[in-house]
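# Examination of the molecular architecture
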Amino acid sequence: MLKIKLNRLEVQVEEGWTILEAAEFYGIEIPTLCHHDGLSDYGACRLCIVEIGEGKDAKFVSSCTYPVEEGLVVRTHSKKVINYRKLIIELMLARCHTSKTIQDLASKYNVTSVRFKLKSDDCILCGLCTRMCEEQMDARAIGFVNRGKERKITTPFDIKSDVCRTCGACMYICPTCQLRCQGPEPSGAVCGGCLNIEYPCLDVYDDVHCYLDPCAACLLEESRKKKSTSNTEEKNVFNKD
Amino acid sequence: MKFLDIDEFKSLCSKIRKSKEDKSNDLCIIVSSGTCGQAKRSLAVIDALQESLKKHNLDKKVDLRITGCHGFCQVEPIVIINPENIFYQNVKPEDTGEIVSEAIINKKVIDRLLYVDPKTGKKIKYEKDIPFYQKQVRTLLANNVLIDPTKIGDYIGIKGYAALCEVLKTMKAEEVIYEVKKSGLRGRGGAGFPTGLKWEFCRKAKGDVKYIVCNADEGDPGAYMNRSLLEGNPHSVLEGMLIGAYAIGSSEGFIYVRHEYPLAVKNVKIAITQMEEYGLLGKGILGTEFDFDIEVIMGAGAFVCGEETALIASIEGKKGEPRQRPPFPAQKGIWKKPTNINNVETWANIPLIINKGAEWFSEIGTEGSKGTKIFSLVGKINNTGLVEVPMGITLREMVYDIGGGIPNGKKFKAVQTGGPSGGCVPEELLDTSVDYESLKALGSIMGSGGMVVMDEDTCMVDTAKYFLEFLQEESCGKCLTCREGIERLLEILTGITEGTGKEEDIELLKELGELVKDTSMCGLGQTAPNPLLSTIRYFKDEYEQHIKYKNCPAAVCKEIISSPCQHTCPIDTEVPVYISLIARGRFKEAFDIIWKDNPLPSVCARVCHHPCEFKCQLGKFGDPISIRGLKRFVTDYALKEGFKPSCKTEKTKKEKVAVIGSGPAGLTASYYLARKGYSVTVFESLSVLGGALAAYIPGYRLPRDILNADIKNIRNTGVEIKTNVTVGKDILFDELRDKYDAIFIATGAHKSLKLGIPNENTAGVLHAMDFLKDINLGKEVKIGKRVGVIGGGNAAVDAARVAARIKGCEKVFIIYRRTINEMPAIKEEVDAAIEEKIEMQLLTAPTKILTKDGKITGIECVKMRLGEMDESGRKRPIPIKGSEFVVEVDSLIVVAIGEQPDVSFLDGNKFEISKHNTIVVNHETFVTNVPGVFAGGDVVKGPNTVIEAMSSGKIAAEMIDKYLQGKPVVREYKVTRPSMYIEPVELTEEEVMEAERPAMPCLSVSERVNNFNEVELGFTEQAAIREARRCVRCDLETGDGKKQFKEEVENVKNKT
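Residues numbered from 1 in each chain as written. Chains lettered and ligands numbered in written order. Predicted model: local features only at pLDDT ≥ 70, side-chain atom pairs only at ≥ 80, totals over all residues. Heavy atoms only, no water.

### What to know about the overall build of chain B
Within chain B, the regular secondary structure consists of 44 helices and 31 strands. Each principal axis of the C-alpha atoms in chain B carries an extent, and together these give about 105 × 65 × 65 Å. Considering chain B as a whole, with its 1056 residues, one finds that 58% of them fall into the buried category. A separation of at least 24 residues holds for 72% of the contacts in chain B among residues at least 6 apart in sequence. By element, 50% of the accessible surface of chain B is carried by carbon and sulfur atoms, the whole surface being about 43,100 Å². (Helix = DSSP H or I, 4+ residues; strand = E, 2+ residues; numbered from the N terminus. Buried < 20%, exposed > 50% of the residue type's maximum accessible area, 1.4 Å probe, protein only. Contact = heavy atoms within 4.5 Å. Areas by Shrake-Rupley, 256 points an atom, 1.4 Å probe, with all protein chains shown as cover.)

Below you can see the structure in the form of structure tokens.
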């Protein structure tokens, strides 16, 4: 067992844990994108960064890849970390704003605008699919190709693969292609927020429609109600009645 | 002959060293032939030398040693003749015959091949006396001169492998590590991690199998230190690796060298083979239990593989992608085994530390940064090359003392250290010490040693863009912040260089830059924003110029400037348009284009200091286009043919504007206001029009009738001019305020400043402006036979050239306290003054005026020398004590050191006046703090140029118009574009070969004596067309230009 300082709390952690695992154990939520419990850690999306060290030795590392060590000082929610997380999400949105996962992150961390040109790419290059294919499905059919701006995920030499079993695991795990955002502004930079606190769908239905993951409708319904004063189109977000 | 015993090997080494010592007085020709030398034909020089030696039957008697780089790449190939050590530079194959016959056989020195010190003009025989080498401490590079890298014997001869023997025989591994730690050596690859400590980590790491690596990937553009060490002295690196392997407990090493270094790879492989032959590699080295093998692995063209974890991945055959650390390579490196990676230069220092001791090493350098560092000093610098300096030397010493300063008289702007991961350091910080901590504190890094010098023609925004483009290409793309971050930084920056930048961009760049710096996984991403962040920190105004004013001061960013000439012209004259019209013989159209933006073209064609020519693209590698000369041709032609500017004007507006002063600012403002339809009245206190143009500029530069021809055209727009009316005397300023709706003050700066030396008020001492004015107004001026002129600006040179023309004057001196290169006067004027036999007393300052019987007899002066830089960016002149002397002059001295405006006529009004007596205005709109009153020209800027005054007049007219129409008085800024694109001419191959800038035909010196006839005569039509055809048409290189021209070509095609 090792002792580390997690957000000013002195805690005990197992040797071999990553900072992310330690934080999860103590109930501290750190956002991730390219991390998955069943796959090896890659450290590409940088969303899980935390601040370690103190004073002028402080630096930022990805918590999913950094192993805990005796005496480590970790701040998961320092001011700089919060601001950096928002900017990272903003960069993600600028690349793949059609991804529900990324839009969810945006609304959760209060990213309301994107100051960069939208690229509308399909792939965030998180590498979940390649690791899934290699580590869980043992196929190694796809991988990263090229450098920098040209980086993409494909089969060797873009040739149809003999080892791909079309199992679909890559699509299953992909954060950008699994669920196209169905929100009210799918073509905009920020869709408007998928997380809410009230359930206006209960005005219409007997059960909440989104179970554990609230859907966009709510907050939007509120703002729509606020906006429309003399509109004839009084339909709610569900386009009912 | 594998040696299986240390002592046996040592005794061979002793024998070799002794025999080298015995041969030290033998004839030897040393030729530098690293990659740099080979690029300048050193191989041909070597072949020619060998042939020549054979011809004279000397090939067996004279040793020909082919070495690597000697460091002074600017003058490669270098040939040194031993034993005398004579240093010949820039040697060509044709010179070799003379070298053998004269230098070798006749033992003469060949003067023309010696290095010439540009400061003194003296020829230098020995390397140690050449300024480039003097401040260097070449503990590593000096050996390049002494050995042929392909001969292990040469290396042994300079004590090579003595360190290895010492280590194997007498030192334990821990003792070696202790010695390296004690020396204070820090990694030379860029991060500067203490080497001894790194070795210790690796030694202590668990595991039997350990690897050591030499990182020779050297990807920084412009850095070639490692290349020169590997090419010129590979054994020093290999010996270092052997010692390191012994200390760490490794038996396998790799040299990871970039693919693009064929000569380095070749020489390293030869060295390894020779080591194997001697038993210095393999099992049981020199009979000990130490085994070691080295493999050379070549990179595949990725800059990111210089990063150690990416390098490890590459050695393992995987994609060159960095991974997170910890675990560090010292714990888990290649194939997960403990690995120690060091840079080439770090390894090369190890044998030195063992041989000479850690104490010796730690005495060089500073407290935190010990030893020497090799830098590649490149860019806008006179002495390009590899320099090895002790840590702690200042950047200023490197740029000026070693580098020899900036070529072509350009001004220093910044020095970039550390390659694409480094930052730019501005002039104010040049006294920073070169060491790890100091450079980091500035926002830069030491890096692997690249040092790129930049001058006034470098755009810092463009530089940041260049490095970001490089890093975007080279980023592995794994982590989001580096990949997306750099791409977005580049996107925003590109917008700024294209004129679409917004105010918020700078803050966004800083925010995003900090993110990339702090959160990227590897060193590439973490240092990628450095060039951008450091340029924003030190050159923020340049960014603001691009964003707010759509101005690129260095005239580099194509989409903003279109062509540098038009962009730099303060009145935005469409230079490429009228030049291309001249090239096609369309002179009337050229005239119209010029008149559109310049109402005093014949004047400018004679007296403008042509900032356009200083930025002409052709000037970067040849002679700029003679733009002023071409303008002169058009205006002369127009005068001859009677062309009139096509601008009919009518008084369409009811407002009246008063302009005070008929100088270039006032005339320009009146012209544009009249064209807008206003009633304009100009008040001129003299009897002649033109302000300084008529009163001060001598007739041999600007004939009065030429000036009046331009003024006549201005008057034809309906401008009313009242001469002999002095505002403040003949009419009060307040009266003007009552009568006129707006006022433009353009009264110039004509009050001479006193020099402040004793006896300045003696009879016979004249002030330059008064002198010139009296001459120009036709008054009789008496001066003596020997005239002294103090100063180095245009007024001084004008005064000198005028004095020289007056009958009775026999000798004129110009006394200036700095050198000729620092004189602010226009270079053509200075050259003409020298032609006209005016004597330049340079580095001389006056201290006292000597008089007898109330008349001048001479000036006491003191000699000056140039010391440190002052705020004006020039070296401060310091008097040399005891060097006083007298310049004998009789009757007259003309004193000219600067002028101030006379604003007494504004008394009683609440104008803001600066401490230099200039009127304070908004620098964009020229409004004063008094509503309705504008001011421009020298009365606002102090003594300045004609074209700057015209520019303020032109802009003020636009602002006055806005004011009178009730619109907001703000400037609108746009990128520079010409109003039309003329099809370019096609030159024949012959024309291209023979193209050169024509000299301006002038009166011969004898024809100028005692008269004020115009000296410059102007180009012939043929010469003008020829010169106009030389223009490379930068205006066609913007997106607009390319599109336009494509359209026109399409149109022409469609018509035919």
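### Considerations on the overall build of chain A
Summing up its helical and strand segments, chain A has six helices and seven strands in all. For chain A, the α and β elements follow one another from N to C terminus as β-β-α-β-β-β-α-α-α-β-β-α-α. Going through the 241 residues of chain A one by one, you find that 46% of them count as buried. For chain A, the proportion of contacts with a sequence separation of at least 24, taken over those separated by at least 6, is 53%. Total accessible area on chain A stands at roughly 13,400 Å², and carbon and sulfur atoms take up 50% of it.

### Observations regarding the pattern of salt bridges
Residue and element names in this part refer to chain B. With the rule as written, the count across this model stands at 77 salt bridges over all chains. For Lys373, the salt bridge is made with Glu345, and the minimal N-O distance between the two is 2.8 Å. In this pair, Lys373 sits in strand β11 (residues 372-379) while Glu345 sits in helix α15 (residues 344-356), placing the two residues 28 residues apart along the sequence. A relative accessible area of 0% places Lys373 in the buried class. You can call Glu345 buried: its relative accessible area is 0%. Residues joined by salt bridges that share partners form a network here, namely Arg701, Asp798, Arg801, Arg805, Glu829, Glu835, Glu836 and Arg1008. (Salt bridge = Lys/Arg side-chain N within 4 Å of Asp/Glu carboxyl O.)

### Description of a negative patch on the surface
Residue and element names in this part refer to chain B. Judged by side-chain charge, Glu252, Glu276, Glu277, Asp293 and Glu295 come together as a negatively charged surface patch. The set of elements that each furnish at least two residues to the negative patch consists of α13 (262-278) and β9 (293-298). As for its placement among the helices and strands, Glu276 is situated in helix α13. (Patch = residues over 30% accessible without salt bridge, like charges linked within 9 Å, V, L, I, M, F, W, Y side chains within 5 Å. Lys, Arg positive; Asp, Glu negative; His and termini not counted. Charge placed at Lys NZ, Arg CZ, Asp CG, Glu CD.)

### As for the interface of chain A and chain B
With 34 residues of chain A at the interface, the matching set in chain B holds 33 residues. Buried surface at the junction of chain A and chain B, summed over both partners, amounts to about 2,900 Å²; 56% is from carbon and sulfur atoms. Considering only the side of chain A, the residues that lose the most area to chain B are Arg46(A), Leu91(A) and Arg147(A), jointly responsible for 23% of the buried surface there. At the boundary of chain A and chain B, one finds seven salt bridges. Salt-bridge contacts for Asp518(B) lead to Lys80(A); the nearest nitrogen and oxygen are separated by 3.9 Å. Here chain A and chain B share 21 residue pairs in polar contact (both at pLDDT 80 or more) between them. Looking at the side of chain A that touches chain B, the elements with two or more residues in it are β4 (59-62), α2 (79-95) and β6 (143-145) of chain A. Residue contributions to the side of chain A that touches chain B peak at eight residues, all from α2(A). The residue inventory of the side of chain A that touches chain B, partitioned by class, reads 19 nonpolar, five polar and 10 charged. (Buried area = accessible area lost by both parts, 1.4 Å probe. Polar contact = N/O pair within 3.5 Å; in protein donor to acceptor, adjacent residues only side chain to side chain. Nonpolar A, V, L, I, M, F, W, Y, C, P; charged D, E, K, R; others polar.)

### With respect to the packing of helix α28 (residues 587-597) of chain B against helix α31 (residues 627-641) of chain B
Residues and elements named next belong to chain B. At a minimum axis separation of 10 Å, α28 and α31 run at an interaxial angle of 110°. Taken together, the axis directions place α28 and α31 in an arrangement best described as roughly perpendicular. Contacts from Phe587, Ala590, Phe591 and Ile594 of α28 reach α31 at Lys631, Phe633, Val634, Tyr637 and Ala638. Classifying every residue of the contact of α28 with α31 gives eight nonpolar, no polar and one charged. (Axes fitted to C-alpha atoms, helices over the stretch in contact; angles between N-to-C directions. Parallel < 35°, antiparallel > 145°, perpendicular 65-115°, else oblique.)

### Considerations on the pairing of strand β2 (residues 9-13) of chain A
All names here are of chain A. Across five bridges, the pairing between strand β1 (residues 2-6) and β2 is antiparallel. Bridge pairing links Lys5 to Glu10 in β2. Counting the residues between successive antiparallel strands, the hairpin from β1 to β2 contains two residues, one of them, Asn7, with a positive phi of roughly 50°. (Pairing = 2+ DSSP bridges.)

### Things to note about the sheet that holds strand β3 (residues 79-82) of chain B
All names here are of chain B. Strand order in the open sheet formed by four strands is β2-β1-β3-β4, and the pairing between neighbours is mixed. One side of each edge strand has no neighbouring strand; the edge strands of this open sheet are β2 (63-67) and β4 (86-88). Put simply, the sheet's adjacent strands are angled 20° from each other on average, direction ignored. Pairing analysis gives three bridges linking β3 to β4, with the strands arranged antiparallel. Looking at β4, one finds that Ile81 is bridged to Ile86. Sitting on the sheet, helix α3 (residues 42-55) touches β1 (28-32), β2 and β3, and the angle it makes with β1 is about 160°. Here helix α4 (residues 96-105) sits on the sheet in contact with β1, β3 and β4, set at roughly 30° to β3.

### Side note on the confidence of the model for chain B
This prediction gives chain B a mean pLDDT of 92; 98% of its residues lie at or above 70. Scored by ipTM, the complex comes to 0.84, with pTM at 0.88. (pLDDT = per-residue confidence, 0-100.)

### Quick notes on helix α40 (residues 946-964) of chain B
If you check α40(B), its first and last C-alpha atoms are 27 Å apart, about what 19 residues at 1.5 Å a residue would give, namely 27 Å. Positioned one or two residues after α40(B), Gly966(B) has a phi angle of 75°, which is positive. (Expected span 1.5 Å × (residues − 1).)

### Some details on the packing of aromatic side chains
Residue and element names in this part refer to chain B. Under the counting rule described, the total for this entry stands at 36 aromatic pairs over all chains. Ring geometry for Phe72 against Tyr133: centres 6.0 Å apart, planes inclined by 90°, an arrangement best described as edge-to-face. Placement of Phe72 in the loop between β2 and β3 and of Tyr133 in helix α5 (residues 131-134) is noted, with a sequence separation of 61 residues between them. We classify Phe72 as buried; its relative accessible area is 0%. Classification of Tyr133 by relative accessible area gives buried; the value is 6%. Geometry around Tyr261 places Arg258 over its ring, the cationic atom sitting 5.4 Å from the centre. When the ring centre of Phe643 is taken as reference, the NZ or CZ atom of Lys588 above it lies at 5.7 Å. (Phe/Tyr/Trp six-rings, centres within 6.5 Å; stacked < 30°, edge-to-face > 60°. Lys NZ or Arg CZ within 6 Å of the ring centre and 35° of its normal.)

### Notes on the packing of helix α37 (residues 794-805) of chain B against helix α38 (residues 827-835) of chain B
In a pair of packed helices, the angle between the axes and the distance between the axes together describe the arrangement. All names here are of chain B. With their axes 10 Å apart at the nearest point, α37 and α38 run at an angle of 30° to one another. Here α37 is positioned roughly parallel relative to α38, judged by the angle of their axes. You can see that α37 and α38 cross each other, and the crossing is left-handed. Residues Asn794, Val797, Asp798 and Arg801 of α37 form the contact with α38, whose participating residues are Glu829, Val830, Ala832 and Ala833. (Left-handed = near helix turned anticlockwise from the far one by under 90°.)

### Description of the nonpolar core
Formed by 129 residues in total, the largest nonpolar core has its most connected members in Phe733(B), Ile745(B), Phe771(B) and Ile919(B). It is α40(B) that contributes the most residues to this core, 10 residues altogether. Once residues within four sequence positions are removed from consideration, Ile745(B) is found in contact with Ile660(B), Phe733(B), Phe905(B), Leu906(B), Phe911(B), Ile919(B), Val933(B), Phe934(B), Ala935(B), Gly936(B) and Val939(B). Grouped together as the second largest cluster of nonpolar side chains are 86 residues, Leu93(A), Ala302(B), Cys552(B) and Ala554(B) included. (Core = buried A, V, L, I, M, F, W, Y, C linked by side-chain atoms within 4.5 Å.)

### With respect to the environment of Ile78(B)
Residues and elements named next belong to chain B. Within the fold, Ile78 resides in the loop between β2 and β3. For Ile78, a relative accessible area of 0% corresponds to the buried category. When the C-alpha atoms of Ile78 and Ile721 are compared, they prove to be 69 Å apart, with 643 residues separating the residues in sequence. Beyond its immediate sequence surroundings of up to four residues, Ile78 is in contact with Ile30, Val31, Ser32, His70, Phe72, Phe87, Tyr88 and Tyr133.

### Quick word on the environment of Ala139(A)
All names here are of chain A. Within the fold, Ala139 resides in the loop between α4 (128-136) and β6. Sequence spacing of Ala139 and Val163 is 24 residues, and the spatial spacing of their C-alpha atoms is 6.0 Å. Leaving out residues up to four positions away in the same chain, Ala139 has contacts with Cys133, Glu134, Val163 and Arg165.

### Things to note about the side chain of Arg138(B)
As for its placement among the helices and strands, Arg138(B) is situated in the loop between α5 and α6 (142-146). With near-sequence residues (within four places) excluded, Arg138(B) lies in contact with His70(B), Gly71(B), Glu127(B), Tyr133(B), Val145(B), Leu386(B) and Glu388(B).

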